Amino acid sequence: MKKRLTLSYRLARRFVVAAIAILISPLISYGQAPTVETVQFRSQLVNAVLPYNVILPSGYRSSRTTRYPVLYLLHGHAGHYTDWITRTNVADYAAQYRMIVVMPEGNNSWYVDSAGVSTDKYESYVLKELIPDVDKRFRTIQARYGRAVAGLSMGGYGAIKYGLKYPATFVFAASMSGAFGVIRYTENEMGGSNWEPFLKIFGPAGSDTRKANDVFEIARGLSPARVGSLPYFYFDCGTEDAAQHFKPNRELSEIFLEKKIAHEYRELPGTHSWAYWNQQVQDVLKISARYLPAAMGRPRIRARGQINKSAVTWK
């Protein structure tokens, strides 16, 4: 009798262990460390190599047919495409969502087509080269409803501007500490060394180039029909941020309210800093996932900080 009970116990234990393994295996698979790849992209429009980092969701390599929505995440002034990976925990935060995150090189372009430098066509680069290359290289949802754009400071300005100008391209646009007042900067504010390149980018005051890149003017000039076609907007700014950032954020929200542009604007404790952006990028990922199909993930079992890194080069 004792022998039979021992045998039954062993069989039962094996059954329980096997059942647990079956139940948690999908979670373990989904909780694999995210993969960060670097693509060395040669832009014909800018005539330069503009690398971009890509966070691939866990399970991307094991699935050969699943397509994923994409969030384009833009860096700030004086920054580079590596900033989001090296200065925040965005790879960890993105691991719980079924989306691809692309972080392109924008240099100090303000993500516009320069008024004075014919090769500095960064807006055209993003729309005509970067997005098509990402769609070609990765299994993306190649439609508006599968594409979002966000950024910090200079990148936040670029993201909101792209959302306003290209509603057929993005379903969601977001900004953290967006430098929306950039068009209003004066030579005294910029300083002599910064004013000349700034003038080359945007052109002189009152120029068509300035108007085409002024988010306030773009928003004010939208017809009701155009407003109805816009993506959903989210933007925030730290209450301790400089007035040159804080006030334009509040002003843009007021214009959006007046024009009945669907959006959410938040004023939160914080400064113009990586501590603030590391916190807020979590909200941007969460909100963007609401508007991107199939982006919501499942619970994960993974040690924080584990990231797989590889590189891809295109010539």
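Relevant structure appears above.
The residue numbers shown here count from 1 along each chain, following its written sequence. Two thresholds apply to this predicted model, a pLDDT of at least 70 for residue-level local features and 80 or more for giving and counting side-chain atom pairs, whereas whole-chain, interface and lining totals are computed over all residues. With hydrogens and water stripped out, all remaining heavy atoms of the structure feed into the side-chain values.

A.B. asks: What am I meant to see in the overall build of the chain here?
C.D. replies: Here a strand is any run of E in DSSP of at least two residues, a helix any run of H or I of at least four, and the numbering for each starts at the N terminus. A count of helical and extended segments in the chain gives 12 helices and 11 strands. Taking the contacts inside the chain whose residues are at least 6 apart along the sequence as the reference set, 77% of them involve residues at least 24 apart. Contact criterion: two residues are considered in contact whenever any of their non-hydrogen atoms come within 4.5 Å of each other.

A.B. asks: Would you take a moment to explain the nonpolar core for this structure?
C.D. replies: Soluble globular proteins tend to pack their nonpolar side chains together in the buried interior. The definition of a nonpolar core used throughout is a set of buried Ala, Val, Leu, Ile, Met, Phe, Trp, Tyr and Cys residues joined through side-chain atoms within 4.5 Å. Residue exposure (1.4 Å probe, protein chains only): buried if accessible area is under 20% of the type maximum, exposed if over 50%, otherwise partly exposed. In this structure, Y52 and L164 are the most contacted members of the largest nonpolar core, which totals 60 residues. Residues in contact with L164, not counting those within four places in the same chain, are V215, I218, A219, L222, R226, L230, F233 and F256. Formed by 33 residues, the second largest nonpolar core is a distinct cluster that contains W84, L152, M176 and V284.

A.B. asks: Got a minute to help me understand the pairing of strand β9 (residues 232–238) in this structure?
C.D. replies: For a regular strand, the rule is simple: side chains alternate between the two faces of the sheet. Most of β9 sits inside the fold, with seven of its seven residues counted as buried. The alternating pattern of β9 places Y232, Y234, D236 and G238 and F233, F235 and C237 on opposite faces, both of which are buried. In this scheme, strands are said to pair when DSSP sees at least two bridges between them. Pairing between strand β8 (residues 172–176) and β9: five bridges, direction parallel. Residue pairing for β9: A173 is matched across the bridge by F233. As paired strands, β9 and strand β10 (residues 263–268) are joined by six bridges and run parallel to one another. By the bridge assignment, F233 is partnered in β10 with H263. Following the backbone out of β9, through helix α11 (residues 243–259) and into the adjacent parallel β10, one traces a crossover that is right-handed. The definition of a right-handed crossover adopted here requires that, viewed with the strands pointing away, the path from the first strand over the helix to the second runs clockwise.

In short, geometric facts, not functional conclusions.
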